[in-house]
Amino acid sequence: MSRALRAFGRSVAAGMQADVQTNEVGRSAPLSAAMNYLTVAAGLPLRLLEVGAAAGLNLWMDRYFVQAGAAGWGPADSPVRLTGHFTSGQPPATAMTVVDRRGCDLNPLHPTGSRLLLESFIWPEHVGRLRLLRAAVSVAAPVLVERSSAGTWIRQQLATLHAGVTTVVFHSIVWPYLSGDERTALDDAVRAAGARADQDHRLGWVSLEPDRSGVCLTCERWPENERLVLATSSPHGTNVVWQPAPARLEASADRADMPHDHGSGRAGLVARGRNERDTSDRGPCAGGFWYNRKLLTSVFVPEIGRRLLATG
Ligand SMILES: C[S@@+](CC[C@H](N)C(=O)[O-])C[C@H]1O[C@@H](n2cnc3c(N)ncnc32)[C@H](O)[C@@H]1O
């Protein structure tokens, strides 16, 4: 170990400074069910805009096969098989058509060029998640993930709502990383575009984000001005409970109320330890150990990296 650190100390130290950017393919299970909901509701193809896209793997959700109860959607021969993610309820099963897809991230990753980095964010015993990531990288092509912060980028993208499509803004496990100002900018940009939407220039907003009790899949759409809670799930998109009759998204559940970490992803991972826990696929880890590992990787490891860099 000491020999390895002497030989590769600088690159190890530099790598330890990276923020966690898990690009979780399992989230495509609930996300694609929400896209199905929008497809069935409007009968239009989708233009996907993802905020905090990382390597953009979830922008390829239409290339993944998803099974929910008796129904399935997506290519039956896809190497990405999201089965067993839904525990109850029956989301609409349909074939979505994606006419355009793009995203933004503060630090965009390349799906193949950054594959090892992406794999490093998966706990070693989460073999199923690793398989899904590798399968997704094999079918995903690089998409345009621009280096930009959420609010600015969404305002630019929504300057025009395209005719004959539903433009869908979506994000998963990004909200806790956004500062209050960033959240407000995003919210304002989407609602301003919603006010311009009509039957032929539609807008949807799909969010898979922590709320005070877990992770919530919400969907808003315009021009209907409909606000719904579609499902709950684990942070990695498993244990999805689809609402039998989607409930109205209450004002008290506004995204602006959700816990956040004032802009620091790393600090946030520690602060919101409860919300980040995923009891469905953490394998043999007990809760305390799991939490401590988050603490280890999100605080102590970068600190070791800083000291390594300082000592040369
Ligand atoms: C936990 S990862 C989730 C990635 C992806 N949404 C998923 O579900 O797999 C959070 C991502 O949000 C990005 N991010 C954090 N703050 C951001 C901001 N202000 N604007 C855009 N992206 C941001 C991070 O760089 C990171 O890639």
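Structure's up top.
Residues numbered from 1 in each chain as written. Predicted model: local features only at pLDDT ≥ 70, side-chain atom pairs only at ≥ 80, totals over all residues.

Peer 1: Hey, could you run me through the nonpolar core in this one?
Peer 2: Within soluble globular proteins, side chains that are nonpolar tend to cluster in buried spots. Counting 67 residues, the largest nonpolar core has Ala 34, Ala 136, Ile 154, Val 168 and Val 169 as its most contacted members. If one sorts the elements of this core by residue count, helix H2 (residues 28-42) sits on top with 7 residues. In contact with Val 168, other than residues within four places in its own chain, are Met 35, Leu 38, Leu 46, Arg 47, Leu 48, Leu 49, Gly 204 and Val 206. (Core = buried A, V, L, I, M, F, W, Y, C linked by C-beta atoms within 7 Å. Buried ≥ 20, exposed ≤ 12 C-beta atoms within 10 Å, placed from the backbone. Helix = DSSP H or I, 4+ residues; strand = E, 2+ residues; numbered from the N terminus. Contact = placed C-beta atoms within 7 Å.)

Peer 1: I tried to follow unusual backbone geometry on my own but got confused; where do I start?
Peer 2: For residues other than glycine, phi is negative in most cases, and the peptide bonds are mostly trans. Omega for the bond connecting Trp 222 with Pro 223 falls within 30 degrees of zero, at 15 degrees, which places this linkage in the cis form. Positive phi, normally seen in glycine, also occurs at Asn 239, with a value near 50 degrees. Residue position: Asn 239 is located in the loop between strand E11 (226-233) and strand E12 (240-248).

Peer 1: Please clarify how the site of the ligand should be interpreted in this entry.
Peer 2: Gly 52, Ala 54, Ala 150, Ser 172 and Tyr 177 are the nearest of the 23 residues found near the ligand. Those elements that provide at least two residues to the shell around the ligand are strand E6 (98-105) and strand E8 (165-172). Class assignment of the residues belonging to the shell around the ligand gives a composition of 9 nonpolar, 10 polar and 4 charged. (Near = placed C-beta within 6 Å. Nonpolar A, V, L, I, M, F, W, Y, C, P; charged D, E, K, R; others polar.)

Peer 1: When you look at the sheet that holds strand E4 (residues 81-82) in this model, what are you seeing that I'm missing?
Peer 2: In a beta sheet, neighbouring strands pair by backbone hydrogen bonds and run either parallel or antiparallel. Taking strand neighbours across the sheet as the criterion, the 3 strands line up as E3-E2-E4 in an open arrangement whose pairing is mixed. Two strands close off the open sheet at either side, each with one partner strand: strand E3 (71-73) and E4. Judged from the 2 bridges that link them, strand E2 (residues 65-68) and E4 form a sheet pairing that is parallel. The residue bridging Val 66 from the neighbouring strand is Leu 82, located in E4. The strands that H2 touches are E2, E3 and E4; relative to E2, the one it contacts most, it runs at about 85 degrees. (Pairing = 2+ DSSP bridges. Axes fitted to C-alpha atoms, helices over the stretch in contact; angles between N-to-C directions.)

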